[in-house]
Amino acid sequence: MVRYRVRKRGKYINTASALVLLLLSIIMIVLVIRSVGSFTDPLASVSKSNSAVPVKFRIVIDAGHGGKDPGATGASGANEKDSNLSLAHRVNELLRQDSMFETKMTRTDDQFIELEERAELANEWKADAIISLHGNTYEDQEVSGTETIYFKKNSLALAQTLQKGVSKALDTRDRGVKQDQYIILSTAQVPAVIVESGYITNPKEEEMLLSDKGQETAANAIHEALKKYFNGKQPSHQTVSSPDLQDQQKIEKTIYYNGSDKDEKQVALTFDDGPDRIVTPKILKILKEHDVKATFFLLGNKAEANPDIVKLIAEDGHIIGNHSWSHPDFKNLSAVEMRQEIEDTQTLLEEIVGYRPTLFRPPYGSLGKEKLEQIHEMNLAVVNWSVDTTDWSGTPSEDILELVRQQLFPGGIILQHTSNGKNQLANTIEALEKMIPELKDKGYSYVTIPDLLQIPAFQSE
Ligand SMILES: [Zn+2]
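Structural notes, computed from the coordinates. Residue indices follow the written sequence of each chain, beginning from 1 at its first position. Restriction of local features to residues with pLDDT of at least 70 applies here, the model being predicted, together with a cutoff of 80 or more for giving and counting side-chain atom pairs; totals for whole chains, interfaces and linings are based on all residues.

A few words on the overall build of the protein chain. Broken down by element type, the protein chain carries 16 helices and 15 strands. A burial count over the protein chain gives 44% of its 461 residues as buried. Expressed as a percentage of contacts within the protein chain between residues at least 6 apart in sequence, the contacts between residues at least 24 apart total 79%. A run of H or I in DSSP counts as a helix once it spans at least four residues, and a run of E counts as a strand once it spans at least two, with each numbered from the N terminus. The exposure label follows from counting other C-beta atoms within 10 Å of a residue's C-beta, where the C-beta atoms are placed from the backbone and the thresholds are 20 or more for buried and 12 or fewer for exposed, leaving partly exposed in between. Our contact criterion uses C-beta atoms placed from the backbone: two residues qualify when those atoms are within 7 Å.

This part covers unusual backbone geometry. Of note, the bond from Gly274 into Pro275 is cis; its omega dihedral lies within 30 degrees of zero at 0°. Relative to the helices and strands, Pro275 is located in the loop between strand E8 (266-274) and helix H9 (279-289). Although it is not a glycine, Asp273 adopts a positive phi angle of roughly 75°. The topology assignment puts Asp273 in strand E8.

This part covers the nonpolar core. A set of buried residues drawn from Ala, Val, Leu, Ile, Met, Phe, Trp, Tyr and Cys, joined through C-beta atoms within 7 Å, is what defines a nonpolar core. In this structure, Leu298, Ala381, Val382 and Ile414 are the most contacted members of the largest nonpolar core, which totals 57 residues. A total of five residues in this core trace back to one element, the largest contributor, which is helix H15 (residues 426-441). In contact with Ile414, not counting residues within four places along its chain, are Val267, Leu269, Thr270, Trp385, Val387, Thr389, Val404 and Leu408. Listed in part, the 45 residues of the second largest apolar core include Ala63, Phe101, Leu158 and Ile184.

All right, on to H9 then. By the burial criterion, the buried members of H9 are Val279, Thr280, Ile283, Leu284 and Leu287. Looking down the long axis of H9, one finds its buried residues gathered within 130° of arc, a one-sided arrangement. In H9, the exposed positions angled more than 90 degrees off the buried face are occupied by Lys285 and Glu289. On its buried face, H9 sits against E8, helix H11 (307-315) and H15. The arc in question is traced by the directions running from the helix axis to the C-beta atoms.

On a regular strand, one side chain projects to one face of the sheet and the next to the other, so that they alternate. The element strand E6 (residues 192-199) is extensively covered by neighbouring structure, given that eight of its eight residues are classed as buried. By the convention used here, strands pair only if DSSP detects at least 2 bridges between them. Inspection of the sheet shows strand E3 (residues 129-136) paired to E6 by six bridges, in the parallel sense. In the sheet register, Ile130 faces E6, and the bridge partner there is Ala192. Sheet analysis places strand E4 (residues 146-150) next to E6, joined by three bridges and oriented antiparallel. If you follow Ile149 over to E6, its bridge partner there is Ile194.

Of the positions making up H11, those classed as buried are Ile309, Val310 and Ile313. On an axial view of H11, the arc spanned by its buried residues comes to 105°, and they lie on one face. Buried residues along H11 sit in contact with H9, strand E9 (295-298), helix H10 (300-305), strand E10 (319-322) and helix H12 (335-353).

Moving on, we get to the environment of Gly67. Along the chain, Gly67 falls in the loop between strand E1 (57-63) and helix H2 (80-96). By the C-beta count within 10 Å, which is 12 here, Gly67 ends up exposed. With 15 residues separating them in the primary sequence, Gly67 and Asp82 have C-alpha atoms 9.6 Å apart. Setting aside residues no more than four positions away along its own chain, Gly67 makes contact with Asp110, Gln111 and Phe112.

In this section: the packing of helix H4 (residues 156-170) against helix H7 (residues 212-230). One can describe the packing of H4 onto H7 by two numbers: an axis separation of 8 Å at closest approach and a directional angle of 145°. Between H4 and H7 lies a crossing whose hand is right-handed. Residues Ala157, Leu158, Thr161, Leu162, Gly165, Val166, Ala169 and Leu170 of H4 form the contact with H7, whose own contacting residues are Gly214, Thr217, Ala218, Asn220, Ala221, Ile222, Glu224, Ala225, Lys228 and Tyr229. Each residue is assigned to one of three groups, with Ala, Val, Leu, Ile, Met, Phe, Trp, Tyr, Cys and Pro labelled nonpolar, Asp, Glu, Lys and Arg labelled charged, and all others, Gly among them, labelled polar. The residue makeup of the contact of H4 with H7, split by class, is 11 nonpolar, five polar and two charged. In this analysis, axes come from line fits to C-alpha atoms, helices being fitted only over the stretch in contact, and the angle between any two N-to-C directions falls in the range 0 to 180 degrees. Rotating anticlockwise by less than a right angle from the far helix to the near helix defines a left-handed crossing, while the corresponding clockwise rotation defines a right-handed one.

Right, here's the structure in full:
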């Protein structure tokens, strides 16, 4: 498998090394200009680096059935919902380790989720595909084999690639792809397929499907098939390198306080003033456990001290925004000082994660009209918040939760902190653990700021 991967990617190696060389020379030039002392206009010497934007294919993984809906009963008496879930976790792990993909799961444990909701998750996230994992069933125990179901035309090629890959890897009878109007397939606006990797009513096939080896083989086959299918394609939510899409997604010359769509129950969690080494890792852990993506407004001086934590934030699929270099009140800065605060942070973040953020949040939310215009000239979106948890001041976690209950409405942006707070922000962490499931129960879905505001996450140049 390793060899296969290397060979497949071989043709990109020349381009990749050329890009690395280009990037290195740009960094060198910037450094030289700075050391000579002619760094009077920070914007004039900004590198053009639209090539390093890490846009990933978004895959929603759906473990079929769950909770009160057990699915089919296997020959051994096992519930389909459980094997679907364990396979889903395996596929999720493989895709997450692959820089080509980012994932969301419709369920991560044994719970019932409406079929429409599963598809809506993919629609809202502008996923590139939703893969629903199932085991097949038939009254005749002899019947066996893999089949993949699609409904809309945009899903046929994906179904074929998965069908071929999975049946071949599992060495099952290839029953081919079938067109059928299942709810999840007809509700999804993105390519959607149901993979029935085998018949759990067939004792032999069930044993294989439930075994560690069978699950691993199936997960690997799905991963490989997705790589094959998406190879050479563009992620559908890619906004930064396509001029057409970029025009549709304009940054408004305003201060964003919340998303404008009140029909969708979305909420964006934002964390300011990091990264640090104590609180930020704890918050990342909680977000990961709940499969929530958030937005981190980072300080340049903290990022410089903790570049590894910045990388962790990006690797977990969260969005990074600029919160200035040293957290001054921008109302007290000259225009040159302000640009330096922003520009130094942009350059550093680009060095660490490979892209220049589009999002800027002024320290204390304090700016003034003139500086707002200057920041817009720098092609940055200014993002404040609609719910201030005042967590930094030591507000008890129950009060934080109460503030959120009272102030949050659909499209809301919640402000919390990852450092610069009392008592290592223990209350922030305690509140977050409760807040995430509570808002989920109320029907909220968690989105990043670019998804909420429909703006790009990275500057194209
Ligand atoms: Zn701050």
